[in-house]
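Spelled out, the chains give:
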Amino acid sequence: MKNFIAALVLVAGLAGSGAAHAEWKMSLPEGGAGFNFGNLIIPGLNTVTSQTVFNEKNGFGFTSGEGLVQGGGQWPDPLSGTFVYGNNKEIEFHAKVPNGTYLVWLCAGKLIRADLQSRHYLLKLNGTALCDETPNDDALLGEKYLCRFLFTQYSNKPHALWENYIDKMYPSSVQTVTVTDGMLSLSAANHFLSAMIAVPAEKKADFDALLTAIHDKRLELFEKTLKDTRPKPPEKKPGDGDVLVYAPLDPAGVQPWSVPSDDERKRTTLNYSGAPGQRVAIVLAVVPFVECGASSLVLNDLKGPGTIPAAAISGYFKNWRYRGGGEGTGVDELSLVPSLKLNVEAGLTQTFWLWLHLPEDAKAGLYKGTFSFKPEKGAAVDVPVELDVYPFKLQSNVPVAYGMWGTGYFPPFLTKEVKRKVFKDRLEWMREIGFTSFEIEAPQIKSVSGDEAVVEIDPEPYELAKETGMARRPEQGLLLANIMAGPGRKLGSILPGSAGVYKNPGIELRQPDFKKYFTSMLRQYHDFLEKTKVPVVVTAVDEPRERAINSWNRNLADTLVYCDMIRDAKLTCCCNPMYDTTHGKDYTPLIDHVDVLSTHGWKNSEKFMNQTIEKKKTLWLYNCGQDRYSWGFYNWRSKSSGKFEWHFGWPEDDAVGGYPGRDWYNPFTSLSSATSLAPYSKYKGGLLFVSRFFSMAEGITDYTYIYTLEEALKSDAASKNTKVAADARAFLNALERAMPQFPDVKGLASANDGPAVGMGIQDEARTHVDDWRKTIAKFLIELNPPTH
């Protein structure tokens, strides 16, 4: 009957996920009972908070309120978006209902997190287990738990976000339950409880209508929060065909709705070149004007003076995610998925990213072949491929520390043996990209004894550096990112007068005996490095400043004290100030107190950049961008011998609307990074990666071409080919003059943007990198006779 069918009325909606609450009015079928877990009230349902303990008067509640946590409240849908769960304990909820058979709608989701103390996932309704699982490491990291959204492909189809994510994040199910003792019970461990509605089984029609109304209203509330700022899908031009496949001029700039220019429409052949042993990034875009369905890119061998097998190519497609609208498209990259098979829907541009490792013994000459895009629906599109293999090899060991911060994150439960394997795999993969360095943790001060600090140093990162070919020369020192924030703060906290150390930056330097023990730690670390023979650059303080100083940085005066202690211990000292002048204070005196000065490549660091070179100190650049130009030609032009970016892998602990899960590859959590975490047992290093690593790799390769030419100009080959050598030197000199010292850097546009991470150099010079590399290759060919 109509009066028994749920009436769902939106009283106050959410303008965004941060609004306070939304309220429903709900009428249940006759004989029904409903419970909304959390602190939001939905008239018609009983509110169950973490403090609701069962008693006969209420007739419902938890058997105990101990260890209960409630959350949510900022999600658009108050029915599923508020919840209660047990903090590392099993919880039990009881509700008095008349005996009989009930249809039960239950909204309860798994707490999928890497930091669980217990992994027992239990959900039991009236004694019947709906879930009873205890995943091992592999399973927890796998595609049922932490990586359950790993292969969820971005889609523009209606309700795709709801169907692909929300319906899985806040899942619901329907169960049939028979009550014989007057009590409906619900037990849970590692589940959050959002809502439960029980309706007598004979009211099935009303129950079904209720669920339809609930689904529609939840979907409506969620989709009201979405911002659709996407451009129109690509428009088909005469001659395009149903599918357009082309080589984009700016691969990193291709978006899901990109359409090729007229020039790009002509780029239907993939033309690339490289030296034996080099890795070559190949990108092609697919613009579908019709539904293609399950599609794939088929690779074939390349034939020429020899054979370059298709097996030498790793293949990926770029996956995207919705990021909440706002400026731009509200969509960004999720990861490169290690597959050449994907679903291709009309109007959604896709890109394939190929990573070709040219064999070390590849014979010089032109190789040709054909790749083929094969849709499920429609005709295949063949793509001609031409690859020119040069008759020279590149230098294999450039004098630059290429690396990133945040290299060492691993799921907390990995065993020491597994962590070591994953770490080694990760470093080997980084070497493939061209990285020569990585961030390491500082020694740990455990206590003090007599006149010495008791220090613990983990040898594993240094051993792995040797095993994987990192830090092979002094210029490639591993980065100890902030020694003050590690042993400095720790020492301050254990010495007398430690009160307020973390709240009063720099107070530790005024503690009695601080310098004695800190120097003891530095001396022990120096002795350790002498034995390991691994070069390390020790950052004294991260981004020093005069105001808004926090626990992990210091002002200039205190920074200089740290720098001097490090150098007195004969360690290589670094500091990374963002500006020449910070809060009105000249910071350039730092140069005289460090061995390595790391700064942004922008106008605000002009004095730092120039004076560091003039004083024959080592210049590094950081946070200038994760683009090809800044990693290659610009780094060379700046005479920088180090390039570090934030960050390689540093998952944040946050989620939209109070969602309690922390599953990866989920657009509604912040567990993402420069790389993306993946099941460690399935993918090398426990990670996937994003396409900008191809850009970084190409930039490092650009630098390698320049370095190889510079070394060739010092060789006998240059003395025998004086005209070619003179022309090559003139080219490099002209190239240096042509590139501006301070190009535009997106994300570092003004002094106010200084703390932001640079998104990449936008200067027009970056568009010429392919031509510059080809010119360098021409000189190398002329300076060196064929080697094959």
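Residues numbered from 1 in each chain as written. Predicted model: local features only at pLDDT ≥ 70, side-chain atom pairs only at ≥ 80, totals over all residues. Heavy atoms only, no water.

Some remarks on the nonpolar core
And then number 1: Grouped together as the largest cluster of nonpolar side chains are 177 residues, with contacts concentrated most on Phe-37, Phe-93, Met-196, Phe-435, Tyr-525 and Phe-693.
And then number 2: The leading source of residues in this core is helix H14 (residues 692-712), at 11 residues.
And then number 3: In this structure Phe-37 touches Val-48, Phe-62, Thr-82, Phe-83, Val-84, Phe-93, Leu-186, Leu-193, Ser-194, Ala-195 and Met-196, once residues within four positions along its chain are discounted. (Core = buried A, V, L, I, M, F, W, Y, C linked by side-chain atoms within 4.5 Å. Buried < 20%, exposed > 50% of the residue type's maximum accessible area, 1.4 Å probe, protein only. Helix = DSSP H or I, 4+ residues; strand = E, 2+ residues; numbered from the N terminus. Contact = heavy atoms within 4.5 Å.)

What to know about the packing of aromatic side chains
And then number 1: Considering all chains together, one arrives at 51 aromatic pairs under this definition.
And then number 2: Plain terms: the ring middles of Phe-62 and Phe-93 are 5.6 Å apart, the flat faces sit at 65 degrees to each other, and that makes the pair edge-to-face. Of this pair, Phe-62 sits in strand S5 (residues 60-62) while Phe-93 sits in strand S8 (residues 91-96), and the two are 31 residues apart along the sequence. Across this residue pair, the class does not change: Phe-62 and Phe-93 are buried.
And then number 3: Relative to Phe-438, the ring of Phe-423 has its centre 5.8 Å away and its plane inclined at 75 degrees; by these criteria the two rings are edge-to-face. Placement of the pair is Phe-423 in helix H6 (residues 416-433) and Phe-438 in the loop between H6 and strand S28 (439-440), with a sequence separation of 15 residues.
And then number 4: Here Phe-438 falls in the buried class, since its relative accessible area comes to 0%.
And then number 5: Each member of the aromatic cluster is reached from another via a ring pair, and the members are Tyr-316, Trp-353, Trp-355, Tyr-402, Trp-429, Phe-435, Trp-631, Phe-648, Phe-689, Phe-693, Phe-694 and Tyr-703. (Phe/Tyr/Trp six-rings, centres within 6.5 Å; stacked < 30°, edge-to-face > 60°.)

Digging into the sheet that holds strand S10 (residues 121-125)
And then number 1: With antiparallel pairing, the five strands of this open sheet are ordered in space as S5-S8-S13-S10-S11. The sheet is open, and its two edges are formed by S5 and strand S11 (128-133), each paired on a single side. In this sheet, adjacent strand axes meet at a mean angle of 10 degrees when their direction is disregarded.
And then number 2: Pairing geometry for S8 and strand S13 (residues 183-189), over six bridges, is antiparallel. Along S13, the bridge assignment pairs Lys-96 with Met-183. (Pairing = 2+ DSSP bridges. Axes fitted to C-alpha atoms, helices over the stretch in contact; angles between N-to-C directions.)

Looking at the side chain of Glu-645
And then number 1: Inspection of the secondary structure puts Glu-645 in strand S38 (residues 642-645).
And then number 2: Of the residues examined, Glu-645 reaches a relative accessible area of 0% and is grouped as buried.
And then number 3: Side-chain polar atoms of Glu-645 contact the backbone nitrogen of Cys-624, separated by 2.9 Å. (Polar contact = N/O pair within 3.5 Å; in protein donor to acceptor, adjacent residues only side chain to side chain.)

Concerning the packing of H14 against helix H17 (residues 769-783)
And then number 1: Contact geometry of H14 with H17 gives a least axis separation of 10 Å together with a crossing angle of 30 degrees. By the criterion of interaxial angle, the relationship of H14 to H17 is roughly parallel. Both H14 and H17 take part in a crossing whose hand is left-handed. From H14, Glu-698, Thr-701, Asp-702, Tyr-705, Ile-706, Thr-708, Leu-709 and Ala-712 reach across to H17, where they touch Val-769, Arg-773, Ile-776, Ala-777, Phe-779, Leu-780 and Leu-783.
And then number 2: Partitioned by chemical class, the residues of the contact of H14 with H17 number 10 nonpolar, two polar and three charged. (Parallel < 35°, antiparallel > 145°, perpendicular 65-115°, else oblique. Left-handed = near helix turned anticlockwise from the far one by under 90°. Nonpolar A, V, L, I, M, F, W, Y, C, P; charged D, E, K, R; others polar.)

Description of the packing of helix H16 (residues 722-738) against H17
And then number 1: Where H16 contacts H17, the axes come no closer than 10 Å and their chain directions differ by 160 degrees. With respect to their mutual orientation, H16 and H17 come out roughly antiparallel. The handedness of the crossing between H16 and H17 is left-handed. Contacts from Val-724, Ala-725, Asp-727, Ala-728, Phe-731 and Leu-735 in H16 reach Trp-772, Thr-775, Ile-776, Phe-779, Glu-782 and Leu-783 in H17.
And then number 2: For the contact of H16 with H17, the per-class residue count stands at nine nonpolar, one polar and two charged.

A few points about the environment of Met-565
And then number 1: Mapped onto the elements, Met-565 comes out in helix H10 (residues 556-568).
And then number 2: Distance from Met-565 to Tyr-707, taken between C-alpha atoms, is 35 Å for residues 142 residues apart in sequence.
And then number 3: With near-sequence residues (within four places) excluded, Met-565 lies in contact with Leu-509, Phe-514, Lys-515, Phe-518, Thr-519 and Leu-522.

Some points on the pattern of salt bridges
And then number 1: A complete count under the given rule lists 46 salt bridges for this structure.
And then number 2: One salt bridge in this structure joins Arg-148 and Asp-663, with 2.8 Å as the shortest N-O distance. Here Asp-663 lies in the loop between S38 and strand S39 (675-677) and Arg-148 lies in the loop between helix H2 (137-140) and helix H3 (160-169), a separation of 515 residues in the sequence.
And then number 3: We classify Arg-148 as partly exposed; its relative accessible area is 22%.
And then number 4: Its salt-bridge partner being Arg-265, residue Asp-240 comes within 2.9 Å of it at the nearest N-O pair. Of the two residues, Asp-240 sits in the loop between helix H4 (204-224) and strand S15 (243-246) while Arg-265 sits in helix H5 (residues 262-265), which places them 25 residues apart along the sequence.
And then number 5: Overall, Asp-240 belongs to the buried group, its relative accessible area being 9%.
And then number 6: Through salt bridges that share partners, Arg-420, Lys-424, Glu-460, Glu-463 and Glu-467 make up one connected network. (Salt bridge = Lys/Arg side-chain N within 4 Å of Asp/Glu carboxyl O.)

Considering H16
And then number 1: Taking 1.5 Å per residue, 17 residues should reach 24 Å; H16 reaches 24 Å between its end C-alpha atoms and fits that length.
And then number 2: Three or more residues of H16 are buried, namely Val-724, Ala-725, Ala-728, Phe-731, Leu-732 and Leu-735. Taken down its axis, H16 places every buried residue within 120 degrees of arc, on the same side. H16 presents Thr-722, Lys-723 and Arg-737 as exposed residues on the side facing more than 90 degrees away from its buried surface.
And then number 3: Those residues of H16 hidden inside the fold are in contact with helix H13 (633-637), H14, helix H15 (716-720) and H17. (Expected span 1.5 Å × (residues − 1). Arc of directions from axis to C-beta.)

Observations regarding helix H11 (residues 606-614)
And then number 1: By the burial criterion, the buried members of H11 are Phe-608, Met-609 and Thr-612. Angularly, the buried residues of H11 cover 95 degrees about the axis, an arc narrow enough to put them on a single face.
And then number 2: Lining the buried residues of H11 we find strand S36 (596-599), strand S37 (618-622) and H13.
And then number 3: Two residues or fewer after H11 comes Lys-616, characterised by a positive phi angle close to 60 degrees.

From the geometry alone we can't say anything about function, so treat these as descriptive.
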